[in-house]
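Results of the structural survey
Here is how the chains run, residue by residue.
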Amino acid sequence: MLHWRHSCSMGEAPAFIVDDLQNQIGFENEFGSKFKGCKTTTTIGDKTYVIGGGNDESTLPVEVRIFDKATGNWVTPIVLGSKPNSCKGLSAISLNDDRILIVKKGSAPDDCILFLELDTWFVREQKKIRGTEVVAWSKGVRGDAEKPVVISGPSGVGKGTLISMLMKEFPSMFGFSVSHTTRAPRGMEEDGVHYHFTEQSIMEKEIKDGKFVEYASVHGNLYGTSIEAVEVVTDAGKRCILDIDVQGARSVRASSLEAILIFICPPSMEELETRLRSRRTETEEQILKRLQNAEVEMEQGKSSGIFDHILYNDNLDDCYESLKKLLGIDGAAAATQISVPQGIDLPADHSVSKMDNKIIINYGTPELEKASKSLIVLDVSSLKGGAPGRTRGLDVYAID
Ligand SMILES: Nc1ncnc2c1ncn2[C@@H]1O[C@H](COP(=O)(O)OP(=O)(O)OP(=O)(O)O)[C@@H](O)[C@H]1O
Ligand SMILES: Nc1nc2c(ncn2[C@@H]2O[C@H](COP(=O)(O)O)[C@@H](O)[C@H]2O)c(=O)[nH]1
């Protein structure tokens, strides 16, 4: 499926072109009208991934089908992650055989570089849970920004308060991951805003179906972060904040989410009790249960090695300043972070080739040999994260 064109003008090893393979006889027949418009094929081992669909006029999403040479069968996988919008053309390049990098033509800066994960940690876990073929989309973003942030700590320590302060000061930077829970809503809590309030049996079924990044039984109720909750935030171009307990933090640590994990400590257990009681949201029985659990959580939080940072929430303003500092958004740095574009402004028309860990996007002219200029290089040597969030670490630069 991949074909050689010629040596790249940069004077290094020859690059192979994996540009649009739009008219593959067989794939065309197989998909009929479903795959009209742009599509591309990539073969890894016995499997050929046909990715595409839609065109200028179409609103069809980019679809994925797999031809398994070993069995001679076509498979429609479960596709996780936010599917890309239709496009004017796309190029696909296999990276380490575990994911395919997709470059879309004529797309917005935040929607032109995507990864289709085929055999990453997240996809392997999902295949195990669902017992079927799974692939997952993840958008590519520049640099190391946008790591999700996990805030954990005993009930009443002030996690929600700190998160609210962060969201209020930086509404365009952070988005809250709305968890599912089986506990009853408190007075002012809104379904879909504070939590997705749900039934035990429904949530158990959804957990079994692989819809959760993490979940735990906390203070006698089930709580969990759905894949969708994380994607809603990352799709809005925001950095995801999770308010979860220590068990959930442990699961996130073991996952592909690559979050920054922060444990919030109270100044004392007496002060924790005072805060829990003054909130007036729990019954006496629930308060006692939460305080009992707090002892264990404090031990695990401080000593388990799960967390990257421990913050003491004694004086609220001081703690908030420390939180901002460790997230790199204190003082002048905050303004810079907000304005850094995370997308990549690609010209509508281009061709794509690969050289080691570098993807070369040529937009000077369709023929590479005439284009010694007008090259954009995507360095994929330091990719991090991935589904169910974004793939970070793309280094992008132009060569004149
Ligand atoms: N530094 C602080 N000093 C005094 N009171 C505080 C401080 N931080 C938070 N509080 C108060 O403590 C109470 C509990 O805070 P909050 O609801 O944010 O805790 P939480 O960790 O989110 O609890 P839960 O895990 O149960 O959701 C609130 O009434 C809040 O206003
Ligand atoms: N593991 C998870 N823990 C969660 C999640 N959402 C909230 N929580 C934690 O539950 C307790 C209690 O919360 P409350 O709103 O009932 O006071 C608290 O420690 C939260 O951090 C989740 O999705 N997963």
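The structure presented is a predicted model; accordingly, all values stated were derived computationally and were not measured. Each chain carries its own residue numbering, running from 1 in the written order of its sequence. Chain letters start at A and ligand numbers start at 1, both assigned in the order the entries are written. At least 70 in pLDDT is required for a residue's local features to be given in this predicted model, at least 80 for side-chain atom pairs to be given and counted, and no such filter applies to totals for whole chains, interfaces and linings, which use all residues. Side-chain metrics rest on all non-hydrogen atoms present in the structure, leaving aside hydrogens and water.

1. Some words on the UniProt feature "domain: Guanylate kinase-like" (unreviewed entry) in the protein
UniProt positions are given in the numbering used here, feature names are shortened, and annotations may be inferred rather than shown by experiment. Those places that UniProt annotates as "domain: Guanylate kinase-like" (unreviewed entry) correspond, in this numbering, to residues 146–328. Strands are runs of DSSP state E lasting at least 2 residues, helices are runs of H or I lasting at least 4, and numbering of each runs from the N terminus. The distance from the first to the last C-alpha atom of residues 146–328 is 11 Å, and the span holds 44% helix and 21% strand.

2. Regarding the domain arrangement of the protein
Where the parts come together, the accessible area they lose is often given as the size of the interface. Delimitation of the domains relies on an automatic or database domain assignment. Each domain of the protein was delimited in the assignment, giving domain 1 (18–144 + 342–399) and domain 2 (149–326). Roughly 1300 Å² is buried in total at the junction of domain 1 and domain 2, and carbon and sulfur atoms are behind 47% of that figure. Buried area is a sum: the accessible area each of two parts loses on coming together, probed at 1.4 Å, counted once for each and added. Contact with domain 2 buries area across many residues of domain 1, yet Trp121, Pro388 and Arg390 alone supply 40% of it, more than any other trio. Between Lys or Arg on one side and Asp or Glu on the other, a salt bridge is scored when a side-chain nitrogen of the former is within 4 Å of a carboxyl oxygen of the latter. In this structure, the connection of domain 1 to domain 2 is made through one salt bridge. For the salt bridge of Arg392 with Glu258, the shortest nitrogen-to-oxygen distance reads 3.1 Å. By the criterion applied in these results, polar contacts are pairs of N or O atoms within 3.5 Å in which, for protein atoms, one can donate a hydrogen and the other can accept it, and in which residues neighboring in sequence qualify only through two side-chain atoms. Linking domain 1 with domain 2 are eight residue pairs in polar contact (both at pLDDT 80 or more), by the criterion used here. Listing elements by their share of the side of domain 1 that touches domain 2, those giving two or more residues are helix H2 (121–130) and strand E24 (384–385). A total of five residues in the side of domain 1 that touches domain 2 trace back to one element, the largest contributor, which is H2.

3. Section: the packing of helix H3 (residues 159–169) against helix H9 (residues 316–326)
Between two packed helices, the angle of one axis relative to the other and the distance separating the axes together describe the packing. Close contact between H3 and H9 brings their axes to 10 Å; oriented N to C, the two are set at 60°. Between H3 and H9, the angle is such that the two are oblique. Our pair here, H3 against H9, has a crossing hand that is right-handed. Residues Thr161, Leu162, Met165, Leu166 and Glu169 of H3 touch H9, and the partners they reach there are Leu316, Asp317, Cys319, Tyr320, Leu323 and Lys324. Throughout, the ten residues Ala, Val, Leu, Ile, Met, Phe, Trp, Tyr, Cys and Pro are labelled nonpolar, Asp, Glu, Lys and Arg are labelled charged, and all others, Gly among them, are labelled polar. Across the contact of H3 with H9, the residue classes tally to seven nonpolar, one polar and three charged. Here an axis means a line fitted to C-alpha atoms, over the contact stretch when the element is a helix, while the angle between two N-to-C directions is reported on a 0 to 180 degree scale. Relative orientations are named as follows: roughly parallel for angles under 35 degrees, roughly antiparallel for angles over 145 degrees, roughly perpendicular for angles from 65 to 115 degrees, and oblique for any other angle. Less than a right angle of anticlockwise turn of the near helix away from the far helix marks a crossing as left-handed, whereas a clockwise turn marks it as right-handed. Pairs of residues are marked as contacts when any of their non-hydrogen atoms sit within 4.5 Å.

4. What about helix H6 (residues 246–254)?
Within H6, the full set of buried residues consists of Val246, Gly248, Ala249 and Val252. Along the axis of H6, the buried residues cluster in a sector spanning 155°; they form a single face. Considering only its buried residues, H6 is in contact with strand E12 (149–152), strand E16 (212–218), strand E19 (260–265) and helix H8 (284–303). Categorising residues by exposure relies on relative accessible area from a 1.4 Å probe, with only protein chains included: less than 20% of the type maximum marks a residue as buried, more than 50% marks it as exposed, and the intermediate range marks it as partly exposed. In this description, the arc belongs to the directions extending from the helix axis to the C-beta atoms.

5. Quick word on the site of ligand 1
One heavy atom suffices: a residue is near a molecule or strand as soon as one of its heavy atoms comes within 4 Å of it. Inspection of the region around ligand 1 gives 15 residues, with Ser155, Lys159, Gly160, Thr161 and Asn313 positioned closest. Val157 is positioned with one of its backbone polar atoms (N or O) 3.3 Å from an oxygen atom of ligand 1. Residue burial considers only the protein chains on display, and all accessible areas are found by Shrake-Rupley using a 1.4 Å probe. Contact with the protein chains removes 74% of the 640 Å² of surface that ligand 1 exposes when unbound. The set of elements that each furnish at least two residues to the shell around ligand 1 consists of H3 and helix H7 (269–279).

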